[in-house]
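Inside the fold
Single-letter residue listing:
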Amino acid sequence: MAQLFLYNTLSRQKEEFKLIKAGEVGLYACGPTVYNYAHIGNLRTYLFEDFLVRTLAYNGYRVNHVMNITDVGHLTGDMDMGEDKMEKGAAREGKSAWDIAAFYTEAFKKDLAALNIQAPDVWCKATDNIPEQIVLIKTLEEKGYTYQTSDGLYFDTSKVQKYNKLSHVPLEELREGARIEKNPEKRNLTDFALWKFSPAASTGVKRQMEWESPWGIGFPGWHIECSAMSLKFLGDQLDIHCGGIDHINVHHTNEIAQSEAATGQPFFNYWLHGVFLNIKGGKKMAKSDDNFLTLDNTFVKKGIDPLAYRFAALQVHYRKPMEYSEEGMKQAAAGYLSLRSQVAALGSVKGEVSLDWREKFLAAINDDLNLPKALAVVSSVLKSKLSAPDKLATILDFDQVLGLSLNKAGVSASAVIEIDQLPAGIQELIKRRQTAREQKDWSTADRLREEIERQGYLVEDTKNGQEVKRINKYWIISQGDN
């Protein structure tokens, strides 16, 4: 197999990927806390993970992909303070926490499908794995890593060597960050809850989600869930753990601490993290702010194919910030439409995959998922001297990783429109493109094709010359802009 290099947060460098089991990869991805819709910033992380899973499969590995659903225990403060997000969501909508979890889990799965993100092999809900979490906590207790306060059972981080080995942040800085949510009963600011007690005894307010445990009625902490479920479903196949960069300093650091304390073994060999999607101006997208954009209200309701967002994500490396703007998404949609139309123009007959171009594509994706470079390879194939059938076969082979549904029919468009019936501006672009083609100025011809498509028209080159159709589905620019 070809060498695959991935950036490991644990070592802070690109490393050659080496398996625990021959031919098989165990991959755990932190899934959503299902108290609200996922925003498109969240979804960028799941896109990066999908590109990773597809790259592993393209390299010939069998991937066992596990993703959790957090439906209890994630508090509004990451340091175990505040409300449970599920209970908060239930109060917001006047429904049970169980109904909230079921509804937003299905909404999340719908978003994944719209973005052509492959479903994991295993979905695991926190509430389905309470016994496993209790057993893991008992193991930590027996080994002397826990202590009890009035509100729960806590993990003592002072007993862990190199607690900050994932974050690489000095312990004092981690402690300083924890002061924001200081609990006076905690021995150390970085200590975290393994089991939280139900407040019913002191407040009379009964939680909707609570369970019996050796320490009293309550619910698990957020961090213990992922440790228990990844150990249960992957066991000795702990190859890769993924998530967003916001999980590094707290959630993933605590997962490592408690898991390695319990098992005495390393917890996952590779840790990969995706960087934020920012609103133009550099602000992180978050549900707690007024910049909460969903796939539905950002793309679908504006008539833009959601796969345009997938195409946009391919153009920015997963370890670099990605900026959201409406204009940027329109440009991405135009680029995606252009690619689809170029692939559709190749016809339906597939030839042979070019091994030379495949080697270039593989080198790009195996260099820590360099998808921008992989897209450049696609563009080069389209401009190459390969036959149309071989181009089609090669690009559809690449699409196993890109996931852009390039194997489907071209964009929906109306019947051919006579040139003299087009708006004057489009007629002028068509004439300029024809001149460029006659002069074999293919780069100018391609640029003019993209400009025509941005204005809502599909141009195809046929034996009868240029044919133009009005795009019906997923217009790139609203009708008012045409």
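Everything quoted here is computed from the prediction, not taken from an experiment.

1. A few points about the packing of aromatic side chains
Taken as a whole and assessed by the stated rule, the structure comprises 20 aromatic pairs. Between tyrosine 37 and tyrosine 104, the ring centres sit 5.0 Å apart and the planes meet at 90°, which makes this aromatic pair edge-to-face. Here the residue tyrosine 37 occupies a position in the loop between strand S3 (24-29) and helix H1 (40-58), and tyrosine 104 occupies one in helix H3 (residues 97-114), the gap between them amounting to 67 residues. For tyrosine 104, a relative accessible area of 5% corresponds to the buried category. Judged by centre distance (4.8 Å) and plane angle (80°), the rings of phenylalanine 267 and phenylalanine 268 are edge-to-face. We classify phenylalanine 268 as buried; its relative accessible area is 2%. The residue whose ring lies beneath lysine 109 is tryptophan 123, and the NZ or CZ to ring-centre distance is 4.8 Å. The side chain of lysine 360 reaches across the aromatic face of tryptophan 357, ending 5.0 Å from its centre.

2. Some remarks on the environment of leucine 231
The topology assignment puts leucine 231 in helix H7 (residues 222-234). For leucine 231 and threonine 263, which are 32 residues apart along the polypeptide, the C-alpha to C-alpha distance reads 9.7 Å. If near-sequence neighbours (up to four positions away) are discounted, leucine 231 is found in contact with Leu136, Leu238, Thr263 and Phe267.

3. Describing the confidence of the model for the chain
A residue-level look at the chain finds 89% of positions with pLDDT of 70 or above and a mean pLDDT of 88. Note on residues 472-482: pLDDT under 50 across the span, and 24 contacts to partners over four residues away in sequence or across chains.

4. What to know about the sheet that holds S3
Spatial strand order, S7-S4-S3-S12-S13: five strands in an open sheet with parallel pairing. Where the open sheet ends on each side, the last strands, each with one partner, are strand S7 (122-125) and strand S13 (270-274). Taking the axes of each pair of neighbouring strands and ignoring which way they run, one obtains an average angle of 20° across the sheet. As paired elements, strand S12 (residues 240-244) and S13 share five bridges and run parallel to each other. Within S13, the position partnered with isoleucine 240 by the bridge is tyrosine 270. Strands S3, strand S4 (62-69), S12 and S13 of the sheet are contacted by H1, whose axis makes an angle of about 155° with S12.

5. Let's talk about helix H12 (residues 355-365)
All of the buried residues in H12 are Trp357, Phe361, Leu362, Ala364 and Ile365. Each buried residue of H12 lies within a common arc of 155° when the element is viewed along its axis, so the set occupies one face. Exposed residues lying more than 90 degrees from the buried face of H12 are Leu355, Asp356 and Glu359. Lining the buried residues of H12 we find H1, helix H13 (371-383) and helix H14 (388-402).

Calculation notes
Residues numbered from 1 in each chain as written. Predicted model: local features only at pLDDT ≥ 70, side-chain atom pairs only at ≥ 80, totals over all residues. Heavy atoms only, no water. Phe/Tyr/Trp six-rings, centres within 6.5 Å; stacked < 30°, edge-to-face > 60°. Helix = DSSP H or I, 4+ residues; strand = E, 2+ residues; numbered from the N terminus. Buried < 20%, exposed > 50% of the residue type's maximum accessible area, 1.4 Å probe, protein only. Lys NZ or Arg CZ within 6 Å of the ring centre and 35° of its normal. Contact = heavy atoms within 4.5 Å. pLDDT = per-residue confidence, 0-100. Pairing = 2+ DSSP bridges. Axes fitted to C-alpha atoms, helices over the stretch in contact; angles between N-to-C directions. Arc of directions from axis to C-beta.

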